[in-house]
Amino acid sequence: MARHSSAETAVDPVISVRDLTKVYGQGDAAVRAVDGVSFDISPGTVVGVLGPNGAGKTSAIKMMLGLVTPTAGDVRIAGTDALSNTTAIYRHVGAMLEGARNVYWRLTVRENVEFFASLSGFDPRRTADYHDALIERYGLEDKADTPVRELSRGMKQKVSLICTLARRTDVIFLDEPTLGLDVETSLDLRREIRRLTDDRSMTVVLSSHDMDLVEAVCDRVIIVRAGRIVADDTVENLVELFRTQAYQLTVGSPLSEAAKGRLEHRYNAQGWERIGEHVRFEATPRSDDSVYTLVDELQREAVPLVSIQSLQPDLENVFLELTTEAARPKTQNGGER
Ligand SMILES: Nc1ncnc2c1ncn2[C@@H]1O[C@H](COP(=O)(O)OP(=O)(O)OP(=O)(O)O)[C@@H](O)[C@H]1O
């Protein structure tokens, strides 16, 4: 799986966003949904845009698609100013919006695919084989002539993706692509996203709360909070930056209250949990204490150590850390660039 660093600048960016700002309303009622955001996206990469509800993700994506007019700032897609050339950028960009809102529910699956392909100038008669292959790839061949409104939510989601792909654009935006999909289809979608970028050099920008999907497919994540970028880096780098010396320990017998108090004070022990005869807790030794002194202390208390393992943060931990507290200016590329 090709992974790209956000610092990679050798090729021209396919998306370039500068000081993008969106303010809804005026005066006291004004909401600064997107607040001076800048980033570049290289072709052939998968970029996740993450943030809590109301962080400004949809507003930012809709501005990149030309669906919402920015209050200030610039968006360039494949070198073209997206704000003054919406028709021109439409050739480069496709979008699968949340809840399959971009497809026509009265049309059949095949009619939808033909319609969206024709919007990109493809003659439906000459691309019928490609459309059939797409419909088959997503297991909808039996439903090809069924109106979309009669399909399940997951199937509608697949039709929406097929229509986006049928336009064969360089860039696709996927808003919550796995919402409503069963586990198997969701895993198929992950593979498909990587195939599109690895084999066809497509650029994918996706917004999702599904951290497993983001960790599995994204080369890079941009985390937004209150309209601003609080982190912009690879998943690996973000997880590395947030690594702490945290351990989970399981001991064979309960500790005295005095011993627990000492461990809490000295090693930030917490999360005490009784599991049968065993007790489990987490500890974060401070820099001047090593985990060995913690183990020595347990020995002095005559408490047998059953297991010890180091706790690795995952993207979910990083996300919560960055979006639920005051943002920590800890990330390599955090903040606007
Ligand atoms: N049309 C609008 N008019 C007024 N305020 C809006 C409008 N659209 C969005 N907002 C506000 O802008 C802020 C950002 O909303 P946006 O939908 O961009 O966030 P989001 O990160 O996509 O959230 P979610 O994850 O819930 O979809 C929110 O405070 C929202 O209430």
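In this numbering scheme, every chain counts its residues from 1 along its sequence in written order. This being a predicted model, a pLDDT of at least 70 is required before a residue's local features are given, and a value of 80 or more before pairs of side-chain atoms are given or counted; all residues contribute to the totals for chains, interfaces and linings.

Going by an unreviewed UniProt entry, the protein chain carries the name ABC transporter and comes from Natrialba asiatica. UniProt positions are given in the numbering used here, feature names are shortened, and annotations may be inferred rather than shown by experiment. According to UniProt, the comment filed for the protein chain under the heading Sequence similarities (unreviewed entry) is "Belongs to the ABC transporter superfamily."

S.K.: Hey, could you run me through the overall build of the protein chain in this one?
M.R.: From N to C terminus, the protein chain includes 11 helices and 14 strands. Along the first, second and third principal axes, the C-alpha set of the protein chain runs to 80 × 50 × 45 Å. Among the 337 residues that make up the protein chain, the fraction classed as buried is 37%. Note on conventions: DSSP H or I runs of at least 4 residues are helices, E runs of at least 2 residues are strands, and numbering of each starts at the N terminus. Whether a residue is buried, exposed or partly exposed is read from the other C-beta atoms within 10 Å of its own C-beta, which are placed from the backbone; 20 or more gives buried, 12 or fewer gives exposed, and intermediate counts give partly exposed.

S.K.: Would you explain the site of the ligand in this entry?
M.R.: Around the ligand, the neighbouring residues are Tyr24, Gly25, Val31, Ala33, Gly51, Asn53, Gly54, Ala55, Gly56, Lys57, Thr58 and Ser59. In terms of residue count, helix 1 (residues 57–64) provides more of the shell around the ligand than any other element does, 3 residues in total. Considered class by class, the residues forming the shell around the ligand number 4 nonpolar, 7 polar and 1 charged. Residues are classed as near a molecule or strand if the C-beta position derived from their backbone is within 6 Å of it. Note on residue classes: Ala, Val, Leu, Ile, Met, Phe, Trp, Tyr, Cys and Pro are nonpolar, Asp, Glu, Lys and Arg are charged, and everything else, Gly too, is polar.

S.K.: Help me understand the confidence of the model for the protein chain in this model?
M.R.: Low pLDDT means the predicted atomic positions in that stretch should not be read closely. For the protein chain, the mean per-residue pLDDT works out to 85, and 91% of the residues sit at or above 70. pLDDT is a residue-level measure of predictor confidence that goes from 0 to 100. Two residues qualify as a contact pair if the distance between their C-beta atoms, derived from the backbone, is within 7 Å. Scored below 50 in pLDDT, residues 1–8 makes 15 contacts in the model with residues more than four places away or belonging to other chains. Note that residues 327–337 has pLDDT below 50 and, in this model, 27 contacts with residues that lie over four places away or in other chains. Interface predicted TM-score (ipTM) for the complex: 0.97; the corresponding pTM is 0.77.

S.K.: Please explain the pairing of strand 1 (residues 15–24) as it appears in this structure.
M.R.: Regular strands have side chains that alternate between both faces of the sheet. Strand direction decides the pairing type here: strand 1 and strand 4 (residues 72–77), joined by 5 bridges, are antiparallel. Its bridge partner being in strand 4, Ser16 is matched across the sheet by Arg76. Paired strands are those between which DSSP finds at least two bridges. Inspection of the sheet shows strand 1 paired to strand 2 (residues 31–41) by 8 bridges, in the antiparallel sense. Each bridged residue has a counterpart across the sheet, and for Tyr24 the counterpart in strand 2 is Val31. If you look at the hairpin formed by strand 1 and strand 2, you'll find 6 residues sitting between the two strands, and Gly25 has a positive phi there, around 75°.

S.K.: Explain the packing of helix 4 (residues 128–137) against helix 5 (residues 153–166) to me, please; I cannot follow it from the model alone.
M.R.: For any two helices packed against each other, the geometry is given by the interaxial angle and the distance between the axes. Fitted lines through C-alpha atoms serve as axes, helices being fitted only where they are in contact, and the angles separating the N-to-C directions of these axes extend from 0 to 180 degrees. At a minimum axis distance of 10 Å, the contact between helix 4 and helix 5 shows a crossing angle of 150°. Comparing their axes, helix 5 and helix 4 come out roughly antiparallel. Between helix 4 and helix 5 the crossing geometry is right-handed. Taking contact as the criterion, the partners of His131, Leu134 and Ile135 in helix 4 are, on helix 5, Ile162, Leu165 and Ala166. Roughly parallel means an angle under 35 degrees; roughly antiparallel, over 145; roughly perpendicular, 65 to 115; everything else is oblique. Working rule for handedness: look at the near helix, and if it is turned counterclockwise from the far one by less than a right angle, call the crossing left-handed; if clockwise, right-handed.

S.K.: Would you explain the sheet that holds strand 13 (residues 278–283) in this entry?
M.R.: Either a parallel or an antiparallel arrangement is found when strands of a sheet pair, and the pairing is made through backbone hydrogen bonds. Strand order in the open sheet formed by 4 strands is 12-13-11-14, and the pairing between neighbours is antiparallel. At either end of the open sheet lies a strand with only one pairing partner, and these are strand 12 (270–275) and strand 14 (305–310). Across the sheet, the mean angle separating the axes of adjacent strands is 15° when strand polarity is ignored. Strand direction decides the pairing type here: strand 12 and strand 13, joined by 4 bridges, are antiparallel. What sits directly across from Glu273, in strand 13, is Arg280.

S.K.: Explain unusual backbone geometry to me, please; I cannot follow it from the model alone.
M.R.: Where the residue is not glycine, phi is negative for most of them; where a peptide bond is considered, it is trans in most cases. Residues other than glycine seldom take positive phi values, yet Glu176 does so here, at roughly 45°. Tracing the backbone through its elements, the reader meets Glu176 in the loop between strand 7 (171–175) and helix 6 (183–200). Judged by C-beta crowding, with 20 C-beta atoms within 10 Å, Glu176 ranks as buried.

S.K.: How should I be thinking about helix 3 (residues 109–119) in this particular structure?
M.R.: An α-helical segment advances 3.6 residues per turn. Residues three or four places apart therefore align on the same side. Along helix 3, the residues that are buried comprise Val109, Arg110, Asn112, Val113, Glu114, Phe116 and Ala117. As for helix 3, its buried residues are in contact with helix 4 and helix 5. Looking one or two residues past helix 3, Gly121 carries a phi angle of roughly 90°, positive in sign.

S.K.: Where do I start with the sheet that holds strand 3 (residues 46–50) in this structure?
M.R.: Pairing in this open sheet of 6 strands is mixed, and the strands run 6-7-8-3-9-10 from one edge to the other. Edge positions in the open sheet fall to strand 6 (93–96) and strand 10 (228–233), since each of these has one partner strand only. Neighbour-to-neighbour, the strand axes of this sheet turn through a mean angle of 15°, independent of strand direction. Sitting on the sheet, helix 5 is in contact with strand 6 and strand 7, with an inclination near 180° to strand 6.

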